[in-house]
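# Structural overview for review
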Amino acid sequence: MQPGLELTAEERHVLMQALEAPLIDKDPVVLGICLRLCGRRLLQRAGTTAVMNGWRGSPHAFVLTREGWGVVKAQRRYGPLRRAG
């Protein structure tokens, strides 16, 4: 995680949405936030590599990066965890 990283409430909300599923850029406001988070290396475009690896979604969707996962993990540290199964 980058030191001194300040996220707005909208950016945190978008990161939490990206945790659930890749984000599709249908809304211009969400697209702007996603591009801002891409500049901070917290999100990235799914791209053709994800499609070649078997993902059937849009190659223009946004997914979490390793740094983005670290930020989400730090924010969820004290929240309830999802249980598998």
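See the structure above.
Note that the coordinates shown come from a computational prediction; the quantities given were computed from them, not determined experimentally.

## Some remarks on the overall build of the protein chain
A tally of helices and strands in the protein chain yields four helices and two strands. Secondary structure elements of the protein chain occur, N-terminal to C-terminal, as α-α-β-α-β-α. Counting the 85 residues in the protein chain, one finds 26% classified as buried. The contacts in the protein chain between residues at least 6 apart in sequence include a share of 55% that link residues at least 24 apart. Counting only carbon and sulfur atoms, one obtains 55% of the accessible surface of the protein chain, whose full area is about 6,200 Å².

## Observations regarding helix α4 (residues 66–75)
All buried positions along α4 are accounted for by Gly68, Val71 and Val72. Around the axis of α4, the buried residues are gathered within 95 degrees of arc, so they sit on the same side. More than 90 degrees from the buried face of α4, the exposed residues found are Arg66 and Lys73. Against the buried residues of α4 lie α1 (9–20) and β2 (62–64).

Rules used in this analysis
Per chain, the residues get numbers from 1 upward, laid out in the order the sequence is written. Local features are withheld for residues below a pLDDT of 70 in this predicted model, meaning they are given only at 70 or higher, and side-chain atom pairs are given and counted only at 80 or more; totals for whole chains, interfaces and linings count all residues. With hydrogens and water set aside, each side-chain value is computed from the structure's full complement of heavy atoms. In this text, helices come from DSSP runs of H or I with a minimum length of four residues, and strands from runs of E with a minimum of two, each type numbered from the N-terminal end. Classification of residues uses two cut-offs on accessible area relative to the type maximum, computed with a 1.4 Å probe and protein chains only: under 20% is buried, over 50% is exposed, and between them is partly exposed. In what follows, residue pairs with any heavy atoms lying within 4.5 Å of each other are defined as contacts. Residue burial considers only the protein chains on display, and all accessible areas are found by Shrake-Rupley using a 1.4 Å probe. The directions from the helix axis to the C-beta atoms are what the arc is built from.

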